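Descriptive structure summary
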Amino acid sequence: MSYREALRAATEYDASVSALRKKVSRATTDIEAAKDAWLPSVSFAAETNTTSTGGPKALVTLSQVLFDWGLTRSKVSIASYDRVKAVAKLKSAVEELAYEIALQFLTVETMDQKLACTEQYATFARRIAKYSQDRVDAGLADSAEIARARLEISRAEDQLAQIQADRQMALAQIEYLVGKQPDRVDPLPDLGFARLYSNSASIISAVIVAPDYISAKADVRIAEKGIDKAKAARLPTISIQAQGKQALNGERSQSGSIGLAASMDLDAGNFRGRAIKGAEQDLDAAKSSLLSTERDLQNKVRASVQQIVVLQQTGVAQDKQLAQADQVLEAYEQQFVAGKRELVDLLTTGRDHYDAQVSSIDTFSTLKQTEYEAAQSIGVLGSLVVAAGGQQRVK
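Residues numbered from 1 in each chain as written. Predicted model: local features only at pLDDT ≥ 70, side-chain atom pairs only at ≥ 80, totals over all residues. Heavy atoms only, no water.

1. Here we look at the overall build of the protein
Regarding its fold elements, the protein presents 11 helices and four strands. Buried positions account for 40% of the 395 residues belonging to the protein. Across the protein, every contact between residues at least 6 apart in sequence was considered, and the portion connecting residues at least 24 apart equals 82%. Put simply, the protein shows about 21,800 Å² of open surface, and 52% of that area lies on carbon and sulfur atoms. (Helix = DSSP H or I, 4+ residues; strand = E, 2+ residues; numbered from the N terminus. Buried < 20%, exposed > 50% of the residue type's maximum accessible area, 1.4 Å probe, protein only. Contact = heavy atoms within 4.5 Å. Areas by Shrake-Rupley, 256 points an atom, 1.4 Å probe, with all protein chains shown as cover.)

Laid out in structure tokens, this is it:
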């Protein structure tokens, strides 16, 4: 299973993503509901007056808003930006899911690499134990040498068991997230994050389309429309109304009228302008939040790029050291077989070589995790994976 296949299956399977999709649909419905205020409305009422001037009557009113100073337009805009926030939240949830799956894929990939080098170390320890047995049989060493070599074999086997357990746990988590057992787990594709976002212009371009930034910007727009809404609510709504009355006591009494009507609903807060002041305070808070979000995202990307570059340089240095360690270990083993090296020197060198391999793998894992986390933070993980086209880096 490739990472792209897993991500596609997980987004269809994940219940929280499905719930957020439904919330986007609901937000779309709310926009249409807000627009309904521009359409004619019908109301029904009944009077139970039983005085001498008349009995119970039914009242039907048909009204059409002609001018409301932008009140309905503000409500529609607020509903539209609420939908923008819902879409951004959905995008963010998909990105978080993509990152969570990536972590499990990376764990499997890392454990596979560690299994390979640990198997190699166990084979080395078994080979050295055989050399030691031959030396003991030849009377060139005592049994302590064999015990020391066998101890390294036990340590390698214990490490293998732990790595295999960690790998199985990651596979189980992938199955939980994707909804099916993966037949295989391919290496994660390279995103090239540090190359793509190496300058301020590219970072700014990425940040302004990040889900968190879009959501914060929508809050600013909602606050701006909130001010317009509060101002419009203080002014009368002008509409044309047609009314008809019909007696309900068997009489033929009926009447009708048509004309313009103006209405407004002011409480103490609206009358004193507190609603407008509160809306302006909401706008100030939203603008501050937007600025904070923009700075945090830009700082996150810049710090991640720097960390990726450092890890890349560290990986190159470790690869060179590992190549030198290969030569040293090979020379030590030849000298041990020739009787020119002690067992403890060879095992220590072998252990150092194994630790260097593990350290190199850990650096690779940290590099890949940093790259994917940075991409997820600005909402480009999914798009970068698609752009990668399934290309894989084999270390």
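After presenting the structure, the write-up continues.
2. Details of the environment of Q376
Relative to the helices and strands, Q376 is located in helix 10 (residues 343-377). Discounting chain neighbours no more than four positions away, the residues touching Q376 are E95, E96, Y99 and L381.

3. Some words on the packing of aromatic side chains
Tallying each qualifying case throughout the model produces six aromatic pairs. Taken together, a centroid distance of 5.8 Å and an interplanar angle of 75 degrees make the contact between Y3 and F105 edge-to-face. With Y3 in helix 1 (residues 3-13) and F105 in helix 3 (residues 71-137), this residue pair connects regions lying 102 residues apart in the sequence. The buried category is assigned to Y3, whose relative accessible area is 2%. Under the relative-accessibility criterion, F105 is labelled buried at 0%. Where Y3 meets Y372, the ring centres are 5.9 Å apart and the plane angle is 80 degrees; that geometry is what we call edge-to-face. Of the two residues, Y3 is situated in helix 1 and Y372 in helix 10; the sequence distance between them amounts to 369 residues. Since its relative accessible area comes to 1%, Y372 is described here as buried. Put simply, the rings of Y3, F105 and Y372 pair up and form one aromatic cluster. (Phe/Tyr/Trp six-rings, centres within 6.5 Å; stacked < 30°, edge-to-face > 60°.)

4. Here's the deal with the packing of helix 10 against helix 11 (residues 381-388)
Direction vectors running N to C along helix 10 and helix 11 enclose 125 degrees, while the axes themselves pass 7 Å from each other. Comparing the axis directions of helix 10 and helix 11 gives the class oblique. Contacts from Y372, A375 and Q376 of helix 10 reach helix 11 at L381, L384 and V385. Along the lines of polarity and charge, the residues of the contact of helix 10 with helix 11 split into five nonpolar, one polar and no charged. (Axes fitted to C-alpha atoms, helices over the stretch in contact; angles between N-to-C directions. Parallel < 35°, antiparallel > 145°, perpendicular 65-115°, else oblique. Nonpolar A, V, L, I, M, F, W, Y, C, P; charged D, E, K, R; others polar.)

5. Examining the pattern of salt bridges
One pass over the structure, following the stated rule, counts 16 salt bridges. Put simply, D30 and R26 hold a salt bridge, and the shortest N to O gap is 2.9 Å. Taken together, the residues D30 and R26, both in helix 2 (residues 15-35) and four residues apart, mark about one turn of the helix. According to the relative accessible area criterion, D30 is partly exposed, its value standing at 32%. When its relative accessible area of 55% is taken as the criterion, R26 is described as exposed. The network of salt bridges with common partners includes R148, E152 and R155. (Salt bridge = Lys/Arg side-chain N within 4 Å of Asp/Glu carboxyl O.)

6. Focus on unusual backbone geometry
One non-glycine residue, W69, lies in positive phi territory at about 60 degrees. Mapped onto the elements of the fold, W69 is located in the loop between strand 2 (57-67) and helix 3. Using a relative accessible area of 40% as the deciding quantity, one classes W69 as partly exposed.

7. Examining the nonpolar core
Grouped together as the largest cluster of nonpolar side chains are 60 residues, with contacts concentrated most on Y3, F193 and Y197. Top element by residues in this core is helix 3. It accounts for 11 residues. In contact with F193, other than residues within four places in its own chain, are V301, V305, I308, E371, A374, A375, I378 and L384. Of all hydrophobic cores here, the second largest spans 18 residues; its members include M111, C117, A156 and I361. (Core = buried A, V, L, I, M, F, W, Y, C linked by side-chain atoms within 4.5 Å.)

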